[in-house]
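# What the coordinates show
Residue-level listing of the chains:
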Amino acid sequence: MKHTIVIIGGGPAGLAAAIAARESGVSDVIIFEREPELGGILNQCIHNGFGLHTFREELTGPEYAQRYVEKAEALGIPAKLSTTVIGLERASSGEGLLVTTVSRQDGLVQTEAKAVILAMGCRERPRGALNIPGLRPTGVFSAGTAQRLVNREGYLPGREVVILGSGDIGLIMARRMTLEGAKVKCVAEIQPYSGGLKRNIVQCLNDYDIPLKLNHTVVDIRGKERVTGVTIARVDERLTPIPGTEEEIFCDTLLLSVGLIPENELSRELGVELSPVTSGPRVNESLETSVPGVFACGNVLHVHDLVDYVSEEAAEAGKNAAAYCKGEPAEAGREIPLCPGGAVRYTVPAAVSPEKMGAQLTVRFRVGKNLRGASVVVEADGRELLCRKRPVMAPGEMEQISLKKEWLTGTEQEIKIFTREA
Amino acid sequence: MKGYDAVIVGAGVTGCAVARELSRREGRFLVLEKEPDVCEGTSKANSAIIHAGFDAEPGTWKARMNVRGNAMMDKLSEELDIPFQRIGALVVCLCEEDLPKLRALYEKGKTNGVPGLRLLTGQEARELEPNLQKEVCGALLAETSGIVCPNERTKGLGEKAAQNGVEFRFDTEVLSLERSEESWILHTDTGDVKARAVVNAAGVYADRLHNLVSEEKLAITARRGEYMLLDKSAGGHVRHTVFQLPGQYGKGVLVSPTVHGNLLLGPTARDLEEKESTATTADGLREVAEKSAFGVEGLPLRQVITSFSGLRAHEAGDDFVLGETADGFFDAAGIESPGLTSAPAIGEYLAEKIAEKLALPEKKDFTPTRRGVPHIASLPLAERVEKIRENPAYGAIVCRCEEISEGEILDAIHSTLGARTLDGVKRRTRAGMGRCQSGFCSPRVMELLSRELPEELLEIRKNGKASGIVLEKLR
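Residues numbered from 1 in each chain as written. Chains lettered and ligands numbered in written order. Predicted model: local features only at pLDDT ≥ 70, side-chain atom pairs only at ≥ 80, totals over all residues. Heavy atoms only, no water.

## Topic: the overall build of chain B
Looking only at helices and strands, chain B features 12 helices and 23 strands. The globule rule puts the C-alpha radius of gyration for 475 residues at 23 Å, and the 22 Å found for chain B is close to it. Over its C-alpha atoms, taken along the principal directions, chain B stretches across nearly 65 × 60 × 45 Å. Buried residues in chain B amount to 62% of all 475 residues. Entry remark: accessible area of chain B is about 18,100 Å², with carbon and sulfur atoms responsible for 48%. (Helix = DSSP H or I, 4+ residues; strand = E, 2+ residues; numbered from the N terminus. Rg over C-alpha atoms; globule rule 2.2 N^0.38 Å. Buried < 20%, exposed > 50% of the residue type's maximum accessible area, 1.4 Å probe, protein only. Areas by Shrake-Rupley, 256 points an atom, 1.4 Å probe, with all protein chains shown as cover.)

Next up, the structure:
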C-alpha cells in the first residue's frame with residue numbers, strides 16, 4: 001500500500017492532524033487506529049469541560065471527539081480501525097517511511113508513506129514504576145483503567161478508595177467513584193503541589209469534601225488477594241517518607257494517578273531523538289522530529305493539560321506535514337535551540353529555524369513548581385525579547401508564549417525561555 | 001471416594017515435573033493445588049535461572065539434581081517448547097583477597113561434575129561483559145548456565161502430564177491425611193481422595209504435610225527474595241547472568257537478562273515468620289538496587305517496570321528432602337534454589353521410585369511433546385502473515401506493550417489446563433506483563449475470559465478465590 005500521509009492514532013491529535021493535512025491540500029491521508037472507534041481516550045472521558053477554548057462550549061469527551069470525527073468523515077478521510085501499527089522504519093528505497101500494521105480484517109499490511117504523523121498518545125505510569133512496597137493483590141488500578149471500567153464497561157472496581165497522585169485523571173475519578181456510590185477516603189500527593197488542574201481540585205475534591213494530602217505517599221499495600229488497606233506517610237523535601245507519620249487507611253481499592261508517559265516505542269524503533277524531560281520526540285518549529293518527514297503532536301509529544309491545545313498543536317503538525325509532502329521549498333536556515341531556564345522544564349518546540357517559521361510560533365512549556373507573580377522571559381543571544389508577568393503558574397497547567405519571527409533577526413546562538421521570580 | 005495410584009500435592013514446578021514423569025506409566029494420577037492454576041507459589045517468582053551446579057555442596061541432593069536437571073534441559077525445552085537460552089553465567093569477584101574463594105568455587109563445580117567452567121581475569125571478564133565494574137578482578141564463567149521462563153516451564157510440564165492422563169484439581173487445599181490399610185486418605189476442602197502413594201510437593205507448606213506422617217520433623221522457613229524487573233530497553237545491559245561471589249545468604253544479587261528480553265535484578269534474602277508474605281519492602285528494593293550495582297555499572301534503574309518477591313522453601317538441613325519418608329509417602333521438600341533447575345531430575349528420580357514401589361508398567365502411548373501458545377509477534381514476517389491468514393484473531397492486538405493478540409489469549413484459555421484468571425492469561429501469553437502493566441489490556445482480557453469461560457464479569461478474578469476485580473455492576 002502507498003499513502004501520502006499516514007497518521008498513527010485516531011484520538012484528538014490524530015483527527016485534528018488529519019483534518020488539517022487534508023485542508024492543506026493533501027488528498028491522500030489515512031489514519032491507523034488500534035481501537036474499534038475513533039476518538040481515543042476521550043471516549044471514556046464522559047465528564048464535561050472539553051472544548052472551552054476551541055468551541056466556547058462545555059462538551060463531554062465523546063462530544064468533543066465527535067465534532068472531529070464528523071469533520072474527518074465529511075472530508076472523506078479514511079481510517080483503518082482496530083488496526084495496530086507494529087513497525088515504523090525508513091523505507092528501503094531511501095525515500096519516505098514504511099509502516100507495518102496488523103488487524104483482524106486485513107492481516108499484516110505494509111504501507112509506504114511520504115510523511116508520518118505520530119499521534120499515539122500516552123500511557124499511565126503503573127505501580128511497578130513507583131516501586132511501592134507491599135503485597136500485590138487485586139484492587140490496585142491506574143486511574144484510567146478504573147475510568148474505563150466504570151464509564152465504558154459499567155462496573156464499579158471498588159467501594160472504599162484511596163487515590164495516590166493528583167493527576168487530572170485521578171481527580172476526575174475521585175468525583176466519578178463518589179457519584180457511583182464509592183467512598184473516596186483521600187487523595188495523597190507526594191509533591192507539595194497537585195499535578196492536576198486547579199479547576200479539577202475545586203470541582204472534583206473540594207465540592208465532595210475529599211481531602212487532598214500534599215507531601216504524602218503510600219508506603220505499604222496490604223491484602224493477600226484483594227486490597228484491605230494502605231499505609232500513607234508524610235514525606236520530607238527529598239520525598240522520603242518520614243518515620244512516625246504513617247497512617248493506616250482501610251480500603252479495598254487504590255487508584256494511581258502518578259504521571260503519564262508518552263508512548264514512543266515506535267518512535268524509538270525508528271531512531272527518533274527523544275527528550276529525557278518530556279519522553280517525547282525533540283521537534284523543531286514544524287513539529288518535525290529528528291527523522292525528516294516524521295511529525296509529532298498531542299500527548300505522544302508532551303503531556304497536555306487541555307485537549308483544546310492538543311487539537312491546536314495537531315493542526316499545526318498536519319499543516320506542516322502537508323507542506324513537507326507538497327515539497328514546498330523551505331529556505332535552508334540555521335536552527336536555534338530553545339533553552340529552558342528557571343522553573344521552565346522544557347519547551348515544545350526545542351529548536352526553531354527563523355527562516356522556516358511563520359510570522360509567529362506558539363511555544364508550549366511547563367514549570368516545575370508553583371509560582372506566584374513570576375514572569376516568563378524570552379531572551380535571544382542575551383537580548384530580552386519578552387517579559388510577561390503571570391499571576392500564577394503551576395506544574396499541572398501548560399503554559400504558552402508566542403514567539404515572533406521579526407524578533408529573531410540576527411539571532412545566532414540560542415533563545416532562552418525562563419521564569420523570573422518576583 | 002475417588003482412588004488413585006498416586007496423588008501429588010502441589011502444582012508447582014516440582015509437582016508438575018513428578019506428574020509428567022509419572023504419566024509415562026500406566027496408572028491413575030491426580031495433582032491437588034490450592035491455587036487456581038499451576039505455578040502459583042515459589043515456582044512463579046524466582047530468578048528464572050537454569051543453574052550450572054557449581055554452587056551446591058558436593059554430595060548433596062542439590063548438587064546431584066542440579067547437574068542432572070541442567071543436563072536434561074536441551075531435550076526438555078525442545079520437547080515442551082519452553083523458552084530457554086544457555087547464555088552462561090559469570091560469578092564476579094570484586095577484591096583480590098577473595099580470588100581463592102573463586103578458585104574454590106571452580107573446584108567445587110569440577111567435583112560436582114559441572115562441564116564448561118573457566119576462570120577468567122578481570123580483563124577477560126570485561127571483554128565478555130563490558131558493563132562489569134572496574135573493580136572486577138576475576139570471574140568464574142559457567143557456560144552451561146541458562147535462563148528460562150519459569151511459567152512456561154511449569155505449564156509445559158503440567159500440561160504434558162494432563163495430556164498424558166494426569167488429572168488436576170485446582171482451588172483445592174489438602175487439610176490433613178491419614179493412613180488407612182494399604183492407602184492414604186487425603187482430606188481436602190473439596191472432598192476426600194484415596195491414594196496408594198502421596199507425593200509431597202507442597203513448597204513452603206511441605207513441612208506441615210511431612211510432619212503429619214513422620215517423626216523426623218522438618219522445619220521449612222519461607223525465605224523471601226525481592227526482585228526488580230526492568231523494561232526491555234534495558235535488557236541488553238548484560239549478556240550473561242552476573243552473580244557476585246556467594247555469601248552466607250545464598251547467591252547474592254544477580255543481574256540477568258530474561259528470556260523475554262527484560263533485565264532482572266535480585267533477590268534479597270530474608271527469613272519470614274509466616275509463609276505467605278510475598279510483600280515487597282522499601283528496604284528490600286533499596287538493597288536490590290545497591291547490591292546489583294556492585295558488579296555491574298550503569299544499571300538504568302529508572303526503567304523498572306515492576307518489582308515482586310518470591311518465597312524460597314528453605315529447610316533447616318539446607319538440602320532437598322527427597323525420597324520415601326513413610327510407607328507410600330514421598331517427599332519433595334525443601335525445594336529452594338536450585339529447585340527450578342532440579343525439578344525435572346527430581347521428577348525423574350521420584351517417579352522411578354514410585355513406579356517401582358507400585359509396580360506401574362510403562363505406558364505405550366505416552367507422548368513427550370507439546371507446543372505452547374505461539375508468540376505471534378516474534379515470528380518472522382512471512383510466518384506471521386500466514387498465521388493471521390489461518391486465524392484472523394492473531395491480527396487483533398489486545399496487549400499493545402507485548403503485542404499479544406486475541407488469538408493467543410483464546411489459545412491460552414482453551415489449551416489443556418487453560419487460563420481461568422487474569423494472571424493465568426498473563427503468564428501464558430505475557431499479556432499485561434509489559435511496560436503499562438496491564439493498564440490498557442486488562443479490561444479487554446477480562447471481557448474475553450468472561451465470554452469464553454463463560455463467566456459473569458463479576459466472577460472474573462486476578463488469581464485466588466477472593467481476588468475478584470470488579471465489585472458491582474452499575475448499568
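Now, onward.
## Re unusual backbone geometry
Here valine 348 of chain A and proline 349 of chain A are connected by a cis peptide whose omega angle stands at 5°. Inspection of the secondary structure puts proline 349 of chain A in the loop between strand 22 (344–348) and strand 23 (351–352). With an omega of -5°, the peptide bond between glycine 266 of chain B and proline 267 of chain B qualifies as cis. By the secondary structure assignment, proline 267 of chain B is in the loop between strand 16 (263–266) and strand 17 (270–272). Phi angles above zero are rare outside glycine, and serine 82 of chain A is one such case at about 50°.

## Observations concerning the interface of chain A and chain B
Counting residues at the interface gives 46 residues for chain A, matched by 52 residues for chain B. Put simply, chain A and chain B have six salt bridges between them. Glutamate 276 of chain B is paired through a salt bridge with lysine 224 of chain A; the nearest N and O atoms lie 3.1 Å apart. Where chain A touches chain B, the interface holds 21 residue pairs in polar contact (both at pLDDT 80 or more). (Contact = heavy atoms within 4.5 Å. Salt bridge = Lys/Arg side-chain N within 4 Å of Asp/Glu carboxyl O. Polar contact = N/O pair within 3.5 Å; in protein donor to acceptor, adjacent residues only side chain to side chain.)

## Details of the pattern of salt bridges
When the charged atoms of two side chains with opposite charge come close together, those side chains can pair. Under the definition given, this model contains 75 salt bridges over all chains. Between glutamate 472 of chain B and arginine 159 of chain A there is a salt bridge; the shortest N-O distance is 3.0 Å. Note that glutamate 472 of chain B is positioned in strand 23 (residues 472–473) and arginine 159 of chain A in the loop between strand 11 (155–156) and strand 12 (160–164), a pairing that runs across two chains. Judged by relative accessible area, which is 30%, glutamate 472 of chain B ranks as partly exposed. In this structure, glutamate 263 of chain A engages arginine 400 of chain B in a salt bridge whose closest nitrogen and oxygen atoms are separated by 2.7 Å. Taken together, the positions of glutamate 263 of chain A in the loop between strand 19 (260–262) and helix 6 (265–270) and arginine 400 of chain B in the loop between strand 21 (397–399) and strand 22 (404–405) put the pair across two chains. One continuous salt-bridge network, built from bridges that share partners, spans Arg34, Arg123, Glu263, Glu265 and Arg268 of chain A together with Asp231, Arg400 and Arg435 of chain B.

## Looking at helix 4 (residues 168–179) of chain A
Residues and elements named next belong to chain A. Its 12 residues place the ends of helix 4 17 Å apart at the C-alpha level, agreeing with the 16 Å of an ideal helix rising 1.5 Å per residue. The complete set of buried residues in helix 4 reads Gly170, Leu171, Ile172, Met173, Ala174, Arg175, Arg176 and Met177. Immediately beyond the C-terminal end of helix 4, within one or two residues, lies glycine 181, with a positive phi of roughly 100°. (Expected span 1.5 Å × (residues − 1).)

## Some thoughts on the packing of helix 1 (residues 13–22) of chain B against helix 8 (residues 339–358) of chain B
Residues and elements named next belong to chain B. Helix 8 packs onto helix 1 with a crossing angle of 45° between their chain directions and a minimal axis gap of 8 Å. In terms of their interaxial angle, helix 1 and helix 8 are classed as oblique. Considering the relative orientation of helix 1 and helix 8, their crossing is right-handed. Residues Val13, Thr14, Ala17, Val18, Glu21 and Leu22 of helix 1 touch helix 8, and the partners they reach there are Leu340, Ala343, Pro344, Ile346, Gly347, Glu348, Leu350, Ala351 and Ile354. For the contact of helix 1 with helix 8, a count of residues per class yields 11 nonpolar, two polar and two charged. (Axes fitted to C-alpha atoms, helices over the stretch in contact; angles between N-to-C directions. Parallel < 35°, antiparallel > 145°, perpendicular 65-115°, else oblique. Left-handed = near helix turned anticlockwise from the far one by under 90°. Nonpolar A, V, L, I, M, F, W, Y, C, P; charged D, E, K, R; others polar.)

## Observations regarding the nonpolar core
Membership of the largest hydrophobic core comes to 59 residues, with the highest contact counts inside it found for Ile5, Ile7, Ile8, Val116, Ile117 and Leu118 of chain A. In this structure leucine 118 of chain A touches Ile8, Leu88, Ser267, Pro281, Thr289, Val294, Phe295, Ala296, Cys297 and Val300 of chain A, once residues within four positions along its chain are discounted. Grouped together as the second largest cluster of nonpolar side chains are 48 residues, Val13, Met72, Ala197 and Ile354 of chain B included. (Core = buried A, V, L, I, M, F, W, Y, C linked by side-chain atoms within 4.5 Å.)

## Describing the sheet that holds strand 18 (residues 253–256) of chain A
Residues and elements named next belong to chain A. Here five strands make up an open sheet; going across it, the order is 10-18-12-13-14 and the pairing parallel. Since the sheet does not close on itself, it has two edges, and those belong to strand 10 (140–142) and strand 14 (212–214), each with one partner. On average, adjacent strands in this sheet sit at an angle of 20° to one another, irrespective of strand direction. Its contacts with the sheet put helix 3 (residues 143–153) on strand 10 and strand 18, and the angle it makes with strand 10 is roughly 90°. Packed on one face of the sheet, helix 4 meets strand 12, strand 13 (183–189) and strand 18 and runs near 170° to strand 12. (Pairing = 2+ DSSP bridges.)

## So, the sheet that holds strand 4 (residues 84–85) of chain B
All names here are of chain B. Strand order in this open sheet of three strands is 3-8-4, and the pairing throughout is antiparallel. Sheet topology places strand 3 (49–50) and strand 4 at the edges, where each strand pairs with a single neighbour. In the sheet, strand 3 pairs with strand 8 (residues 146–148) via two bridges, with the strands oriented antiparallel. Within strand 8, the position partnered with isoleucine 49 by the bridge is isoleucine 147.

## A look at the packing of aromatic side chains
Per the counting criterion, the structure on display carries eight aromatic pairs over all chains. Taken together, a centroid distance of 5.9 Å and an interplanar angle of 75° make the contact between phenylalanine 295 of chain A and tyrosine 324 of chain A edge-to-face. Of the two residues, phenylalanine 295 of chain A is situated in strand 20 (residues 294–296) and tyrosine 324 of chain A in helix 7 (residues 307–325); the sequence distance between them amounts to 29 residues. For phenylalanine 295 of chain A, a relative accessible area of 1% translates into the label buried. What makes tyrosine 324 of chain A partly exposed here is its relative accessible area of 35%. Here the aromatic residues Phe55, Tyr64 and Tyr68 of chain A are joined through ring pairs into a cluster of three or more. Positioned above the aromatic ring of tyrosine 4 of chain B is the side chain of arginine 28 of chain B, whose terminal nitrogen or guanidinium carbon lies 4.9 Å from the ring centre. Positioned above the aromatic ring of phenylalanine 440 of chain B is the side chain of arginine 400 of chain B, whose terminal nitrogen or guanidinium carbon lies 3.5 Å from the ring centre. (Phe/Tyr/Trp six-rings, centres within 6.5 Å; stacked < 30°, edge-to-face > 60°. Lys NZ or Arg CZ within 6 Å of the ring centre and 35° of its normal.)

## As for the side chain of glutamate 315 of chain B
All names here are of chain B. Mapped onto the elements of the fold, glutamate 315 is located in strand 18 (residues 304–315). The side chain of glutamate 315 sits in the buried core without any salt bridge; lysine 62 is the nearest counter-charge, 8.9 Å away. A polar atom in the side chain of glutamate 315 sits 3.1 Å from the backbone nitrogen of alanine 219. (Lys, Arg positive; Asp, Glu negative; His and termini not counted.)

Purely spatial values, then, with no claim about function.
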